[in-house]
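Remarks on the overall topology
Listed here are the chains, written in short residue letters.
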Amino acid sequence: MKYLTLTAIIPIILFSSCTKEAIDDITGNSNCPAKGNIEITTNSPVIVGWPLTLSSLEYMEYLYKWEGPNGFLINYNFHSSEADDQGKLVTTFADSGMYRLQLRDSDGCIVYEGTTRVEIIDAPTAPCNVANNTSTSSVVGVGGSTYTSVNGNGSGDYYTIDASGGGEVLTVRFLGDATPTPGVYKSSGGWFPFESRQVGIFVHTGIVDFVMHPDFDVYVTNVGGKTQVSFCTCSFSNPISSTPINISAKLTER
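These numbers were taken from a predicted model, which means no experiment stands behind them.

Time to look at the overall build of the chain. Tallying secondary structure elements over the chain gives 0 helices and 20 strands in all. A total of 254 residues make up the chain; the buried ones form 42% of that total. Expressed as a percentage of contacts within the chain between residues at least 6 apart in sequence, the contacts between residues at least 24 apart total 56%. Of the roughly 12,700 Å² of accessible surface on the chain, a fraction of 52% belongs to carbon and sulfur atoms.

Structure (structure tokens):
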């Protein structure tokens, strides 16, 4: 997948004169064959700020013309291996709307055409109700704390939020040293994330670490310019006993 910014200059392919009377079936000339439908797949709905992907079938012999809202216009020449997969790396709400793809042959006729609607949405909030800067737990001694210090820091390859209080530190770690983009992340199952949409979460009690198991939803929102992280009834490892540990939390940077 290769993303193109809208500020890039994309060459528009001009068709030379052809032997047919009509070079574009928009004119309604019967020299062009009837248009077929082509399916466009997308990852819509997309949380604002996250990438949009648009994909279709690959036909090397056609020119691809993509059109959409917010100035989205891309033309690809024949024999381009990139033409069938397009998108935007960073979305805004203005990117919501209808996207259209036309495939034209060397005579300018539209051979295939398809459309799809894209929805850009706000980051969702966690489905559980936990007091700010606290956690609840199914056990005593791990979680179930009030955090008097919640600080975020980007350094090296990670952005880390440490919440301290109740004799423990709850750590949330994102890939990249920038403030995380609001959205829904998945727990990595370790101390560190391995992908941009993952997060590493663990509780340090001063003796051992209790690590969130993989593939739980972690919700990131922006509240008053501060990053807020929430999760609901997520399972954590228990290296000292066989008792299951389930923790919910809401952390807002101070």
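After that view, the rundown keeps rolling.
Our next topic: the pairing of strand E6 (residues 73–76). Relative to E6, strand E5 (residues 63–67) runs antiparallel, the two being bridged by 4 bridges. Residue Lys65 lies in a different strand from E6, and its bridge partner there is Asn75. Hairpin geometry of E5 and E6 is characterised by an intervening segment of 5 residues between the two adjacent antiparallel strands and by a positive phi of about 60° at Asn70.

In this section: the sheet that holds strand E7 (residues 85–88). Judged by pairing direction, the sheet is antiparallel, and its 3 strands sit side by side in the order E2-E4-E7 without closing on themselves. The open sheet has two edge strands, strand E2 (41–42) and E7, and neither has a second partner. Two elements, strand E4 (residues 52–55) and E7, share 4 bridges in a ladder whose sense is antiparallel. Paired with Leu52 across the two strands is Lys88, which belongs to E7.

All chains considered together, the criterion is met by 2 disulfides. The side chain of Cys32 participates in a disulfide bridge whose partner is Cys109; the two sulfur atoms lie 2.0 Å from each other. For the disulfide bridge between Cys32 and Cys109, the dihedral angle about the S-S bond is near -70°, and by the sign convention the bridge is left-handed. Separated by 77 residues along the polypeptide, Cys32 in the segment before strand E1 (36–37) and Cys109 in the loop between strand E8 (97–104) and strand E9 (110–118) bring together distant segments of the chain. You can call Cys32 buried: its relative accessible area is 9%. Residue classification places Cys109 among the buried positions, given a relative accessible area of 0%. Here the disulfide map of the chain reads 1-2, 3-4, the bonded cysteines being numbered as they appear in the sequence. The thiol sulfur of Cys234 is not disulfide-bonded, and the nearest other cysteine sulfur, from Cys232, lies at 6.9 Å. Look at Cys234 and you get buried, because its relative accessible area is 0%.

Let us now look at unusual backbone geometry. When glycine is set aside, most residues are seen to have a negative phi, and most peptide bonds are trans. Pro45 follows Ser44 through a cis peptide bond whose omega is 0°. At Asp215, a position not held by glycine, the phi torsion is positive, near 75°. For Asp215, the position within the fold is in the loop between strand E17 (209–211) and strand E18 (217–223).

Before going further, it helps to examine the confidence of the model for the chain. Averaged over all residues, the pLDDT of the chain equals 88, while 86% of them reach at least 70. Counting contacts from residues 1–27, a segment whose pLDDT is below 50, to residues more than four positions away or on other chains yields 61 contacts.

A word on the nonpolar core. Core analysis: the largest hydrophobic core is formed by 47 residues, its most contacted members being Leu170, Phe174, Ile201, Phe231 and Phe236. Beyond its immediate sequence surroundings of up to four residues, Phe236 is in contact with Ile201, Phe202, Val203, Phe210, Val211, Met212, His213, Phe231, Ile245 and Ile247.

This next bit is on the sheet that holds E9. Strands sit in the order E1-E9-E8-E5-E6 across an open sheet of 5 strands; the sheet is mixed. In the strand order of this sheet, the two ends are held by E1 and E6, each with one partner. In terms of strand pairing, E1 meets E9 through 2 bridges, oriented parallel. Counterpart to Asn37 in the pairing with E9 is Glu113.

A few words now on the packing of aromatic side chains. According to the stated counting rule, one finds 8 aromatic pairs in the structure shown. Taking the centre distance of 5.9 Å and the plane angle of 70° together, the rings of Tyr62 and Tyr112 count as edge-to-face. One end of the pair, Tyr62, is in the loop between E4 and E5; the other, Tyr112, is in strand E9, with 50 residues separating them in the sequence. You can call Tyr62 buried: its relative accessible area is 13%. When the centroid spacing of 5.2 Å and the interplanar angle of 75° are considered together, the rings of Phe174 and Tyr185 count as edge-to-face. Taken together, the residues span a long stretch of sequence, with Phe174 in strand E14 (residues 168–175) and Tyr185 in strand E15 (residues 183–187) at a distance of 11 residues. Just as Phe174 is buried, Tyr185 falls in that class too. One aromatic cluster in this structure is built from Trp50, Phe174 and Tyr185. Against the face of Phe192 rests Arg173, its NZ or CZ located 4.3 Å from the ring centre.

Conventions we followed
Residues numbered from 1 in each chain as written. Predicted model: local features only at pLDDT ≥ 70, side-chain atom pairs only at ≥ 80, totals over all residues. Heavy atoms only, no water. Helix = DSSP H or I, 4+ residues; strand = E, 2+ residues; numbered from the N terminus. Buried < 20%, exposed > 50% of the residue type's maximum accessible area, 1.4 Å probe, protein only. Contact = heavy atoms within 4.5 Å. Areas by Shrake-Rupley, 256 points an atom, 1.4 Å probe, with all protein chains shown as cover. Pairing = 2+ DSSP bridges. Disulfide = S-S within 2.5 Å. pLDDT = per-residue confidence, 0-100. Core = buried A, V, L, I, M, F, W, Y, C linked by side-chain atoms within 4.5 Å. Phe/Tyr/Trp six-rings, centres within 6.5 Å; stacked < 30°, edge-to-face > 60°. Lys NZ or Arg CZ within 6 Å of the ring centre and 35° of its normal.

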